[in-house]
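What follows is the residue order along each chain.
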Amino acid sequence: MTVNRIRVVVLGSARSGKSAVVVRYLTKRYIGEYSSTGDFLYQHRATFDGVSSEVEVLDTCGCAKRGCLAEHLRWGDAFAVVYSVCDRRSFLAASELLALLERTRLPGCTAVTLLGNKRDLEHARAVKTEEGQELSLRFRCQFYEVSAAESSAGAALAFQALLREARSIALLLPTPRRKLAAYSVSKVIGTILGLSNKSVRKKRPSLSI
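Keep in mind that this is a model prediction, so the values were computed, not measured.

Thresholds applied
Residues numbered from 1 in each chain as written. Predicted model: local features only at pLDDT ≥ 70, side-chain atom pairs only at ≥ 80, totals over all residues. Heavy atoms only, no water. Axes fitted to C-alpha atoms, helices over the stretch in contact; angles between N-to-C directions. Helix = DSSP H or I, 4+ residues; strand = E, 2+ residues; numbered from the N terminus. Parallel < 35°, antiparallel > 145°, perpendicular 65-115°, else oblique. Contact = heavy atoms within 4.5 Å. Nonpolar A, V, L, I, M, F, W, Y, C, P; charged D, E, K, R; others polar. Buried < 20%, exposed > 50% of the residue type's maximum accessible area, 1.4 Å probe, protein only. Lys, Arg positive; Asp, Glu negative; His and termini not counted. Salt bridge = Lys/Arg side-chain N within 4 Å of Asp/Glu carboxyl O. Polar contact = N/O pair within 3.5 Å; in protein donor to acceptor, adjacent residues only side chain to side chain.

(A) Quick peek at the packing of helix α1 (residues 18-27) against helix α6 (residues 153-172). The interhelical angle for the contact between α1 and α6, taken along N-to-C directions, is 85 degrees, at an axis separation of 9 Å. By the angle class used here, α1 and α6 are roughly perpendicular. Between α1 and α6, the contacting residues are Val21, Val22, Arg24 and Tyr25 on the first element and Ala155, Ala156, Phe159 and Leu163 on the second. Its residues placed into classes, the contact of α1 with α6 shows seven nonpolar, no polar and one charged.

(B) A look at the side chain of Arg167. Relative to the assigned elements, Arg167 resides in helix α6. No salt bridge is formed by the buried Arg167; its nearest oppositely charged neighbour, Asp49, is found at 4.4 Å. Among the polar contacts made by the side chain of Arg167, one reaches the main-chain carbonyl oxygen of Val51 at a distance of 3.3 Å.

(C) Here's a closer look at the packing of helix α4 (residues 88-104) against helix α5 (residues 129-138). Between α4 and α5, whose axes approach to 11 Å, the crossing angle comes to 10 degrees. Classed by the angle they form, the pair α4 and α5 counts as roughly parallel. Side by side, α4 and α5 meet where Arg88, Phe91, Ser95 and Leu98 of the first sit next to Glu131, Gly132, Leu135 and Arg138 of the second. In terms of residue class, the contact of α4 with α5 is built from three nonpolar, two polar and three charged.

This is the structure:
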């Protein structure tokens, strides 16, 4: 990764609202329903702190079941792990994803943010804010609660903080260490999920915004 090019992978279980969060961040628009059955790659230019970066955001869909999770973890420079505050199962899935990132990425080489979505649905809340905070402390990552339905401000703040951290890592770490960041992804995921180490590269739909 260079400072001017950052690849972000967005992970999370189905119905966590991760696609809505991504689109809110990129376009400020809210789309409540998605029927995607594959990954989608967005291309975006982000400017903050007086610096512009070419950003690729990969919105994943069922990557563990489709066998491409290892490829995604190797590909990304930064990761947003999304869960719904109304769905405890999505929170547990987020915890498993954070644990997987911890096992497969070298410490200090990867920017990670935990995002609790749907904070506007307080009446249906199943995961307390404190639980999200505790999980982020456990895995030493950033944490935000946002509402893709209400506003783009929360998503913008969370993604900008993630990009800023990714940019800082690129500046501080020597190139060889960055290249080794995903040193054990295939082996670890294969052990956990019982998958073959053979990786099949899939064409991702893409959109420039």
